[in-house]
Amino acid sequence: MSQGREVAGGNGPPVEDGEGGEAIRQEVEIASPAVLTAISGNLRTYGRALGIELGMRGNTLLLAGERARVLRAKIVMGDMASVMERVPDLTDVDIARALAAAADDPTLDLQALFGEGVVIPARKKAIFAKGITQRLYINAIRSHDLTFGIGPAGTGKTYLAMALAVQALLERRCKRIVLARPAVEAGERLGFLPGDLAEKVNPYLRPLYDALFDMMDAEKASALIARGNVEVAPLAFMRGRTLNDSFIILDEAQNATSDQMRMFLTRLGYSSKAVVTGDVTQVDLPSGQRSGLAEARELLGGVEGIAFCKFTEVDVVRHPLVQRIVVAYDRRDAMLAALKAQRASTAAEPPKE
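Conventions and cut-offs
- All residue numbers refer to position in the chain's written sequence, counted from 1.
- Selection of residues for local features in this predicted model requires a pLDDT of at least 70, selection of side-chain atom pairs for listing and counting requires 80 or more, and totals for whole chains, interfaces and linings are taken over all residues.
- Excluded from the side-chain calculations are hydrogens and water; all other atoms, namely the structure's heavy atoms, are used.
- In this description a helix means any DSSP run of H or I spanning at least four residues, a strand means any run of E spanning at least two, and both kinds are numbered starting from the N terminus.
- Exposure categories follow from relative accessible area, calculated using a 1.4 Å probe and restricted to protein chains: below 20% of the type maximum is buried, above 50% is exposed, and the middle band is partly exposed.
- Note on definitions: a residue-residue contact is assigned when non-hydrogen atoms from the two residues lie within 4.5 Å.
- Note on areas: Shrake-Rupley, 1.4 Å probe, and residue coverage restricted to the protein chains presented here.
- Angles shown run from 0 to 180 degrees and are taken between the N-to-C directions of axes, each axis being a line fitted to C-alpha atoms and, for helices, limited to the stretch in contact.
- If an angle is under 35 degrees, it is roughly parallel; if it is over 145, roughly antiparallel; if it lies from 65 to 115, roughly perpendicular; otherwise it is oblique.
- Should the near helix be turned counterclockwise from the far one by less than a right angle, the crossing is left-handed, whereas a clockwise turn marks it as right-handed.
- Under the scheme applied, nonpolar residues are Ala, Val, Leu, Ile, Met, Phe, Trp, Tyr, Cys and Pro; charged residues are Asp, Glu, Lys and Arg; polar residues are all the others, including Gly.
- One side-chain nitrogen of Lys or Arg within 4 Å of one carboxyl oxygen of Asp or Glu is enough to make a salt bridge.
- Each patch is built from residues that are more than 30% exposed by relative accessible area and take part in no salt bridge. Like charges join if they lie within 9 Å; nonpolar side chains (Val, Leu, Ile, Met, Phe, Trp, Tyr) join within 5 Å.
- Cavity and pocket criteria rest on a 1 Å grid covering protein atoms alone: a 1.4 Å probe that fits but cannot get out defines a cavity, protein on both sides within 12 Å along at least 5 of 7 lines defines an open pocket, and an atom within 4 Å of a point defines a lining residue.
- Grid points are joined across faces, edges and corners, and a volume is the space filled by probe spheres set on the points.
- A pair of strands counts as paired when DSSP detects no fewer than two bridges linking them.
- Stacked, tilted and edge-to-face pairs are distinguished by plane angle, under 30 degrees for stacked and over 60 for edge-to-face with tilted covering the rest, among Phe, Tyr and Trp rings (Trp via its six-membered ring) whose centres lie within 6.5 Å.
- Confidence of the predictor at the level of single residues is captured by pLDDT, which takes values from 0 to 100.

Asker: Honestly, the overall build of the chain in this entry has me stumped. Any pointers?
Answerer: Broken down by element type, the chain carries twelve helices and ten strands. For the chain, the residues scored as buried account for 43% of the 353 residues in total. Across the chain, contacts joining residues at least 24 apart in sequence account for 69% of those joining residues at least 6 apart. Within the structure as shown, the chain displays about 18,700 Å² of accessible surface, and the carbon and sulfur contribution to it stands at 53%.

Structure (structure tokens):
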């Protein structure tokens, strides 16, 4: 545990007036040596996330900066120290992301954010949400039979859904996992693929296998696939089936057509749960063909029992560059959309005499 107090001076970081006025210093004592060591190696990163200056003296953190931010940071660092003591395998990126979110949102409870993780018996450590959106997403999947996770790549949509599916299967809350993906080429023309049907569609389904093998060892996963407890198949193979006692994940759903999405959603049987993930900005369907995911979002937004979770570039949990790349492309798309609208408006204007 930790405690904090306000101080007027000391050997901590320099104090400068911030935008909010008076600059102050605070101290937060860290009881756990392991937590203290972890924080000491990332003072600059964590200070930047909190919007303050961080220093250290002995087992005490020294916080300096604009008063409101420092007072908030004292609470956040105390909570984060308790979380780090309870969940020792958090990465530096996980911690920095949580600190930044908590610093900007006084309602965010770090204890709740890193509360109950996804515990998989075959995995050595639990899987925890890396942000408030992921926490809401996990809660939505647990409390709804149909959940949509929509947002850019790298936000953990498929990975978390897979973790919850594997947990449900191993705890016998479902009899099988069904993983589906539209077999649509991402802009390339792959041409003729040799081999049988399974070998032809395997490249499209590889990301789902990768996520599955990260949840459990390859031997156990392969045994579950062989017994039919885990099924990985192209979306087209879902037609005509009713999936009971199943946990179903449709990945890359932005590449499902309107008819395919309707077909998939009506496969849901008794005691089953479905998660649909995708990014409506990354549609690889032929030009002029509308994404079934975009349509479903419009049609089902107000339907009781269905949850929609929206991820943004802030939620990207891959390499930090990915977040900046997503922002750059979103900015480009917005400019193109504005230019297109301007051209359409100009074309609609009557000619001047």
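On we go from here.
Asker: Explanation requested: the environment of Ser82 in the structure shown.
Answerer: Relative to the elements of secondary structure, Ser82 occurs in helix H3 (residues 67–86). Among the residues examined, Ser82 registers a relative accessible area of 12% and is labelled buried. C-alpha of Ser82 to C-alpha of Gln111: the two residues are 29 residues apart in sequence and 8.1 Å apart in space.

Asker: What is the right way to read the packing of helix H10 (residues 258–265) against helix H11 (residues 292–300) from this model?
Answerer: Two quantities define a packed helix pair, namely the angle between the helix axes and the distance between the axes. Contact geometry of H10 with H11 gives a least axis separation of 8 Å together with a crossing angle of 60°. Relative to H11, the element H10 is oriented oblique. Judged by the sense of rotation from one axis to the other, the crossing of H10 with H11 is right-handed. Residues Ser258, Met261 and Leu265 of H10 lie in contact with H11, whose contacting residues are Gly292, Leu293, Glu295, Ala296 and Leu300. Classifying every residue of the contact of H10 with H11 by side-chain character gives five nonpolar, two polar and one charged.

Asker: What exactly am I supposed to notice about the pattern of salt bridges here?
Answerer: Note that side chains of opposite charge can pair when their charged atoms are close. By the definition in use, this model includes eight salt bridges. Counted as one network, the salt bridges with shared partners bring together Arg181, Asp251 and Glu252.

Asker: So what exactly am I meant to see when it comes to a nonpolar patch on the surface here?
Answerer: Where nonpolar side chains cluster on the molecular surface, the patch consists of Leu321, Ile325 and Tyr329 and spans about 300 Å² of accessible area. Taking the relative accessible area as the measure of exposure, Leu321 reaches 42% and is therefore partly exposed.

Asker: How should I be thinking about the layout of surface pockets in this particular structure?
Answerer: Empty space within the largest pocket amounts to approximately 900 Å³. What lines the largest pocket is a set of 38 residues, and nearest its centre among them are Gly151, Pro152, Ala153, Gly154 and Lys157. Secondary-structure elements contributing two or more residues to the lining of the largest pocket are helix H7 (157–170), helix H8 (197–215), strand E9 (273–278) and helix H12 (320–348). For the lining of the largest pocket, the element with the most residues is H12, which contributes seven residues. Of the residues that constitute the lining of the largest pocket, the class distribution is 14 nonpolar, eleven polar and 13 charged.

Asker: So what exactly am I meant to see when it comes to the sheet that holds strand E8 (residues 246–250) here?
Answerer: The pairing of strands in a sheet comes from backbone hydrogen bonds and takes either a parallel or an antiparallel form. Taken in spatial order, the six strands of this open sheet run E7-E6-E8-E9-E5-E10, and their pairing is parallel. Each edge of the sheet is formed by a strand with only one pairing partner; in this case those strands are strand E7 (230–234) and strand E10 (306–310). Going from strand to strand, the sheet's axes swing by 15° on average, the running direction of each strand aside. Two elements, strand E5 (residues 146–150) and E10, share five bridges in a ladder whose sense is parallel. Counted as the bridge partner of Phe148 is Phe308 from E10.

Asker: Even after reading the chapter, I still don't get the packing of aromatic side chains, so can you show me in this structure?
Answerer: When we look at a pair of aromatic rings, we describe it by the centre distance and by the angle of the planes. All chains considered together, the criterion is met by three aromatic pairs. Ring centres 5.1 Å apart and planes at 80° place the aromatic pair Tyr137 and Phe311 in the edge-to-face group. One end of the pair, Tyr137, is in helix H6 (residues 132–143); the other, Phe311, is in the loop between E10 and H12, and 174 residues separate them in sequence. Residue class for Tyr137 comes out buried when judged on its relative accessible area of 0%. For the pair Phe148 and Phe308, a centre-to-centre distance of 4.5 Å together with 5° between the ring planes defines the contact as stacked. Within this pair, whereas Phe148 is found in strand E5, its partner Phe308 is found in strand E10, the two being separated by 160 residues in sequence. On the basis of relative accessibility, which here comes to 27%, the residue Phe308 falls in the partly exposed class.

Asker: Looking at this structure, I do not really get the confidence of the model for the chain. What am I missing?
Answerer: Atomic detail in the predicted coordinates should be set aside for any region of low pLDDT. Scored by pLDDT, the chain comes out at a mean of 82, with 84% of its residues at no less than 70. Below pLDDT 50 for its whole length, residues 186–190 participates in four contacts with residues either more than four positions away or in separate chains.

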